[in-house]
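Chain by chain, the residues:
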Amino acid sequence: MTGSPLGPAGAEDIMFSPDEEIAAYRSMLLIRRFEEKAGQLYALQAIHGVCPLCIGQEASIVGTMMAARATDPVITSYRTHGALLARGVAPRLVLAELLGRKTGLAQGKGGTVRMFAPEHHFFGGHGTAGLAAPLGAGLAFASRYRGGDDVTLCFFGDGAAARGRVLEAYKIAAQWALPIVFIIDNNTAAPGASIVLGQLPSALAESGTPVAIPGHQVDGIDVRRVIVAARQSIARARDGDGPTILEMLTYRYRGHGGVPARAGASERRLEEADPVSRARGRILASGILNERALKALEKEVKESVVSAALAARAEPVPEAADLFAATGA
């Protein structure tokens, strides 16, 4: 079902209220500034291990979260920071975990790929490629078993989409008409790949065809397109019609270690592929905010991230006795 109305073309006809425009931009900008700060801390070796960043994928995350209820379960792969922030988790708690502090989401013992926030209905953060899919199907089954109407949002990348565990999860989700939306972030970040703007020849959106799961390519650079696609897919699942696959066409700017994902892209193409810049330009062009007001918002967001980083770095590290202690939910 690639090339359907959920695809990249015609986003200008999607109506966004001024409040939605500002809320989406603020949330995306928070993720961008947070990830930039995390990248700096990683370069300074204040963050150890891996630190996968989602710079460039903000619209996919924020648009999906804005379309969902606060009680809809969320599960991701190892690119977790943006989803946590979009779910309302305090930046200080996420940074404290990245920095290995006792006050972090996993008491400093989980790092970037082992963060849970059940109070925000966020269930990981999983480092094994594609593991979010079967676990997400389990969350969706639990919602159905309890008689609720929550819809699980399951994020993973294009690299994980061909794993056997993902395809098996599709089969189970389709057979039982589970309330789940599978979101594949096709970030076109494979080595040597170029920036993709517009529809991409890909079978990911159609990967559920053998088990009759509908799929769509979505312009993951335009947050408005993402919200429309997510609303339709979530409503379908909530009505009992089963899962949907959304292939978000995005562009990831950073590699697994925070370094650029690729070199050689022109500055103009990078700007066109930036969901934050696109939203900013739309706000100014529509007159929702003027340049002065927008810069005040941007300053506020940046200062909140700086304050969160300073607070997190001042938190204590776990003690030896904490090593084998259970991590509370």
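Residues numbered from 1 in each chain as written. Predicted model: local features only at pLDDT ≥ 70, side-chain atom pairs only at ≥ 80, totals over all residues. Heavy atoms only, no water.

## Here we look at the overall build of the chain
Along the chain, the regular secondary structure elements total 10 helices and five strands. For the chain, buried positions account for 52% of its 329 residues. Considering only residue pairs separated by 6 or more positions, the chain has 75% of its internal contacts joining residues 24 or more positions apart. Accessible surface, the chain as shown: approximately 14,100 Å² in total, 56% of it carbon and sulfur. (Helix = DSSP H or I, 4+ residues; strand = E, 2+ residues; numbered from the N terminus. Buried < 20%, exposed > 50% of the residue type's maximum accessible area, 1.4 Å probe, protein only. Contact = heavy atoms within 4.5 Å. Areas by Shrake-Rupley, 256 points an atom, 1.4 Å probe, with all protein chains shown as cover.)

## As for the pairing of strand 2 (residues 152-157)
For strand 2, the buried fraction is high: five of the six residues fall into the buried class. Both strand 1 (residues 74-75) and strand 2 contribute to a ladder of two bridges, which runs parallel. Looking at the pairing, Ile-75 lines up with Cys-154 of strand 2. Across six bridges, the pairing between strand 2 and strand 3 (residues 180-186) is parallel. Along strand 3, the bridge assignment pairs Gly-157 with Asp-185. You can see the chain leave strand 2, run along helix 6 (residues 164-175) and come back into strand 3, and the turn it takes is right-handed. (Pairing = 2+ DSSP bridges. Right-handed = clockwise from strand over helix to strand, strands pointing away.)

## Focus: the pairing of strand 3
Counting buried residues along strand 3, seven of its seven residues qualify, which places the element largely inside the surrounding structure. On strand 3, burial covers both faces: Ile-180, Phe-182, Ile-184 and Asn-186 on one face and Val-181, Ile-183 and Asp-185 on the other are all buried. Alignment of strand 3 against strand 5 (residues 244-249), held across six bridges, turns out to be parallel. Note that in strand 5 the partner of Phe-182 across the bridge is Ile-245.

## Details of the environment of Gly-127
Turning to its location among the elements, Gly-127 is positioned in the loop between helix 4 (91-98) and helix 5 (132-145). For Gly-127, a relative accessible area of 35% translates into the label partly exposed. With 15 residues separating them in the primary sequence, Gly-127 and Thr-112 have C-alpha atoms 8.9 Å apart. When residues no more than four places from it in sequence are discounted, the contact partners of Gly-127 are Tyr-78, Val-113 and Arg-114.

## As for the sheet that holds strand 3
Taken together, five strands build an open sheet; the order of strands is 1-2-3-5-4 and the sheet is parallel. One side of each edge strand has no neighbouring strand; the edge strands of this open sheet are strand 1 and strand 4 (215-219). Two strands pair when backbone bridges link them, and strand 4 and strand 5 are joined in this way by five bridges, in the parallel orientation. Note on strand 5: the bridge partner recorded for Gly-215 is Ile-245. Each of strand 1, strand 2, strand 3 and strand 5 touches helix 2 (residues 58-67); the most contacted strand, strand 2, lies at about 170 degrees to it. (Axes fitted to C-alpha atoms, helices over the stretch in contact; angles between N-to-C directions.)

## What about the pattern of salt bridges?
In this structure the tally under the stated criterion is 15 salt bridges. We note a salt bridge from Glu-58 to Arg-32, for which the minimum N-O separation is 2.6 Å. In this pair, Glu-58 is assigned in helix 2 and Arg-32 in helix 1 (residues 18-43), connecting sequence segments 26 residues apart. Judged by relative accessible area, Arg-32 falls into the buried class, the value being 8%. Here Arg-32 and Asp-274 are joined by a salt bridge, their closest N and O atoms 2.8 Å apart. Here Asp-274 lies in the loop between helix 8 (267-272) and helix 9 (275-286) and Arg-32 lies in helix 1, a separation of 242 residues in the sequence. For the pair Arg-32 and Asp-274, one class covers both residues: buried. Here the salt bridges do not stand alone but share partners, grouping Asp-219, Asp-222, Arg-224 and Arg-278 into one network. (Salt bridge = Lys/Arg side-chain N within 4 Å of Asp/Glu carboxyl O.)

## A look at the confidence of the model for the chain
Summary statistics for the chain give a mean pLDDT of 86 and a share of 85% for residues scoring 70 or more. A low-confidence stretch, residues 1-10 stays under pLDDT 50, and its non-local contacts, those more than four residues away or across chains, total 32 contacts. Within the model, the stretch residues 189-193 combines pLDDT values under 50 with six contacts to residues more than four positions away or in other chains. (pLDDT = per-residue confidence, 0-100.)

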